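# Residue-level structural notes
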Amino acid sequence: MSSFGKLIQSYKDKNLILRILVGVAVGAVIGFWAQKQSGSNIIGFIGMFGDLFVGALKAVAPVLVFILIAASILTKTFSNAKGLKRVVFLYILGTFLASCVGVITSFLFPTTLVLNVPADMQRAVPASIVVVLKDLLFKIVDNPVHAISTGNYMGILAWAIGFGIALRYCTNETKKVFSDLSDAITSIVKFIIQLAPFGIMGLVATSVYSAGGEALFSYLRIIIVLVCSMAFVAVVLNPLIVWVYLRKNPYPLVFTCLKESGVTAFFTRSSAANIPVNLNLCRKLGLDEELYPISIPLGATINMAGAAVVIAILTLSAVNTLGIQTDFGTALLLCLLAAVGACGASGVAGGSLMLIPLAASLFNISNDIAMQVVAIGFIIGVIQDSVETAINSSTDVLFTAVASYTTSPHEDALTK
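Our subject in this report is the structure included herewith. (Residues numbered from 1 in each chain as written. Predicted model: local features only at pLDDT ≥ 70, side-chain atom pairs only at ≥ 80, totals over all residues. Heavy atoms only, no water.)

### Thoughts on the pattern of salt bridges
Opposite charge on two side chains lets them pair, provided their charged atoms get close. Inspection of every chain in the model, using the stated rule, returns two salt bridges. Residues Lys176 and Asp180 are paired through a salt bridge, measuring 2.9 Å at the closest nitrogen-oxygen approach. Separated by four residues within a single helix, Lys176 and Asp180 lie in helix 8 (residues 172-194), roughly one turn from each other. Measuring nitrogen to oxygen at the nearest pair gives 2.8 Å for the salt bridge that ties Glu260 to Lys284. On the criterion of sequence distance, the pair formed by Glu260 in helix 11 (residues 251-268) and Lys284 in helix 12 (residues 275-284) is long-range, its members being 24 residues apart. Judged by relative accessible area, Glu260 falls into the partly exposed class, the value being 25%. (Salt bridge = Lys/Arg side-chain N within 4 Å of Asp/Glu carboxyl O. Helix = DSSP H or I, 4+ residues; strand = E, 2+ residues; numbered from the N terminus. Buried < 20%, exposed > 50% of the residue type's maximum accessible area, 1.4 Å probe, protein only.)

Shown next as structure tokens:
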């Protein structure tokens, strides 16, 4: 291997979180230095890395959304294992309610972001829910090729769902093609994310140069809002759902799942990588052996409460930044879109962020602005993505346990 190849391999071997932290630190230092030295030239050069990173995200996102959602519907197989329907219902319910928590939190504690918004940009404020629904309908019937090329995420979502349902009973060869396409687009996203530290360095440097400490403060505020919202889901919302089904103190089970599944997921930042841990925990809890080998891998792909919170809050942060007014009906539609988007989120680190343009399109936010929000998501992802994965993965076991205990005669296993 050449010296250059060794350098690239050494870079890839380093922890992504550490690399992003270095990128944030270097970008902040350059930004403050350029602010004092009037170094607009160096900011122009460093900022180019941020623009390239946002451009790459903007290019891959429409295809990613279409392929992932279509493949998710097309390739998921459901058996008749006892309690599986209940698990799937709980996954969907938990994800939707989590998105509602994100929306409500954004109304109670509104946050804004430092975005590069052109001064002459027209801000299309939805006049009413009727206007929003009319706009949605026309976006949905857009030509699929045009929808992908222009970043019309409502059209992309509609066609992805349509393709997935229409091809549900196609041949295994066709399903394999979609599965391979999903793997391919995920690999491209992984490559782009490998370059995130350089892009984040450019974005942070530009933000600090133009806004000073305000940019860093906005990152800290959004992290606090996200983490508190996801903590509410973990220790209030999920226990409430468990209590409704079991009518027992839910916290022993909730804290067991958080301790034995959530902690490892926090550090791996991958629901898929945490599947063996979850399977072992299900075995320790004495759950139905026909149920959890199916529900746990399924949950790693569609049970995304943490992702729903992230999509909702970051989208409304962009809405607040642009001064767009949001009524109740539009907020409810955002809850639905955030839940649907979360279920189709990619399994790679930061995968949920790629679905933000889908939710942002509800407010007529341009793709350029939405991708800046995605980039900010990668900056704060050092903390946000770890907490999000911990919530997602631990809830897989929690809801599987609820379904197992309510359909199995061994309900006493809850006290083990």
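Past the structure itself, the notes keep going.
### Some thoughts on the packing of helix 4 (residues 84-108) against helix 13 (residues 292-302)
For any two helices packed against each other, one specifies the inter-axial angle together with the distance between the axes. Closest axis-to-axis distance for the helix 4/helix 13 pair is 11 Å, and the angle between their directions is 20 degrees. As judged from the angle between their axes, helix 4 and helix 13 are roughly parallel. Crossing of helix 4 over helix 13 shows right-handed handedness. Touching Leu84, Val87, Val88, Tyr91 and Thr95 of helix 4 are Ile294, Ser295, Ile296, Leu298, Gly299 and Ile302, all from helix 13. Tallied by class, the residues present in the contact of helix 4 with helix 13 amount to eight nonpolar, three polar and no charged. (Axes fitted to C-alpha atoms, helices over the stretch in contact; angles between N-to-C directions. Parallel < 35°, antiparallel > 145°, perpendicular 65-115°, else oblique. Left-handed = near helix turned anticlockwise from the far one by under 90°. Contact = heavy atoms within 4.5 Å. Nonpolar A, V, L, I, M, F, W, Y, C, P; charged D, E, K, R; others polar.)

### Remarks on the environment of Val54
Checked against the element boundaries, Val54 lands in helix 3 (residues 40-75). Counting along the chain gives 321 residues from Val54 to Ala375, while the straight-line C-alpha distance between them is 6.4 Å. Apart from the residues within four sequence positions on either side, Val54 is in contact with Leu203, Met371, Gln372 and Ala375.

### Notes on the nonpolar core
The biggest cluster of nonpolar side chains holds 121 residues, and the ones touching the most others in it are Met354, Ile365 and Phe378. In terms of residues, this core owes the most to one element, helix 17 (residues 367-407), which gives 19 residues. Among residues more than four places away in sequence, those in contact with Ile365 are Ala318, Val319, Leu322, Ile324, Ala360 and Ala370. (Core = buried A, V, L, I, M, F, W, Y, C linked by side-chain atoms within 4.5 Å.)

What is shown is where atoms sit, not what they do.
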